Amino acid sequence: AAELAADGGGAATGDHLSAVLLADFAVAVQETLAAITDPGERCARLQEFLQTLTRVRRQDCAAERLVIERERRERERAQEQADAEARQAMAQALEPLTRQFQREKLTDLFNRPDLASQMEACREAKEWLGALKTEPAGGPKQAGSR
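Residues numbered from 1 in each chain as written. Predicted model: local features only at pLDDT ≥ 70, side-chain atom pairs only at ≥ 80, totals over all residues. Heavy atoms only, no water.

> Give a detailed account of the overall build of the protein chain, specifying residues and quantitative values.
The helix and strand tally for the protein chain stands at 4 helices and 0 strands. Beginning at the N terminus, the succession of helices and strands in the protein chain can be written as α-α-α-α. The buried share of the protein chain, taken over its 146 residues, is 13%. Here the analysis covers contacts within the protein chain between residues at least 6 apart in sequence; of these, 35% occur between residues at least 24 apart. For the protein chain, the accessible surface area stands at approximately 11200 Å², while carbon and sulfur atoms represent 57% of it. (Helix = DSSP H or I, 4+ residues; strand = E, 2+ residues; numbered from the N terminus. Buried < 20%, exposed > 50% of the residue type's maximum accessible area, 1.4 Å probe, protein only. Contact = heavy atoms within 4.5 Å. Areas by Shrake-Rupley, 256 points an atom, 1.4 Å probe, with all protein chains shown as cover.)

> Break down the packing of aromatic side chains for me, with residues and values.
For the coordinates displayed, the defined rule picks out 1 aromatic pair. Ring centres of Phe25 and Phe49 lie 5.8 Å apart, and the angle between their planes is 80°; on these two criteria the pair is classed as edge-to-face. Taken together, the positions of Phe25 in helix H2 (residues 13-35) and Phe49 in helix H3 (residues 39-111) put the pair 24 residues apart, joining distant regions of the chain. (Phe/Tyr/Trp six-rings, centres within 6.5 Å; stacked < 30°, edge-to-face > 60°.)

> Run through the environment of Asn111, naming residues and quoting values.
Take Asn111: it is sitting in helix H3. With 10 residues separating them in the primary sequence, Asn111 and Ala121 have C-alpha atoms 9.5 Å apart.

> So what's going on with the pattern of salt bridges? Residues and values would help.
Using the criterion set out here, one finds 9 salt bridges in the structure. Arg72 is paired through a salt bridge with Glu76; the nearest N and O atoms lie 2.3 Å apart. Linking Arg72 with Glu76, this pair stays in helix H3, spanning 4 residues, or about one helical turn. Given the relative accessible area of 31%, Arg72 is considered partly exposed. For Arg123, the salt bridge identified is with Glu120, shortest N-O distance 2.5 Å. In this pair, Arg123 and Glu120 are both assigned in helix H4 (residues 115-133), 3 residues apart and thus about one turn of the helix distant. Residue Arg123 is classed as partly exposed on the basis of its relative accessible area, which comes to 38%. Through salt bridges with shared partners, a single network forms among Glu69, Arg72, Arg73 and Glu76. (Salt bridge = Lys/Arg side-chain N within 4 Å of Asp/Glu carboxyl O.)

> Quick one: what's the story with H3, residue by residue and with numbers?
At 3.6 residues per turn, the α-helix brings residues three or four places apart onto the same side. For H3, spanning 73 residues, the distance from its first C-alpha to its last is 102 Å, which sits close to the expected 108 Å at 1.5 Å a residue. At Glu95, H3 shows its largest kink, close to 45°, and the proline Pro96 lies no more than four residues downstream. Here H3 has its buried residues at Phe49, Ala91, Glu95, Gln102, Leu106 and Leu109. (Expected span 1.5 Å × (residues − 1). Bend = angle between axes of the 7 residues up to and from the residue.)

> For a nonpolar patch on the surface, give the residues involved together with the corresponding values.
A grouping of Met90, Leu94, Leu97 and Phe101 is seen on the molecular surface, where their side chains present a nonpolar patch of about 390 Å² in accessible area. Structurally, the position occupied by Met90 is in helix H3. (Patch = residues over 30% accessible without salt bridge, like charges linked within 9 Å, V, L, I, M, F, W, Y side chains within 5 Å.)

> I'd like a description of the confidence of the model for the protein chain, backed by residues and values.
Per-residue pLDDT for the protein chain has a mean of 81; in total, 79% of the residues score no lower than 70. Within the protein chain, H3 carries the highest mean pLDDT (89), whereas helix H1 (residues 2-7) carries the lowest (63). Note that residues 138-146 has pLDDT below 50 and, in this model, 16 contacts with residues that lie over four places away or in other chains. (pLDDT = per-residue confidence, 0-100.)

This is the structure we're talking about:
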């Protein structure tokens, strides 16, 4: 196993063992078929060998599908992480602009002559200031915050 792992070039030891066993199987099939002279018996033995080979190939396909699925999931995880980092960077970059828009909105509401608009501005200002006080120390809140 150590020799197979060292000489494997990154392939799994199970793959090497499978290759060794398949080579041994091929030799056994060849020797068995060479010793059989009856065509009916030869056909029956060939069917047995083919069924065994079919099961081995199905397992090989399943293993390859698993490798492909793992690679796909790893790419998806990497893409999700990159997307999350990009969203966070964008939110941090836009935070000053978001705050400026919020200030302008509140200023517009305060400057309206009706009492309802001014009361709405006061309520939003309280919410906004409360949100600013509860921000984590590491930086501004995520996008969509007040």
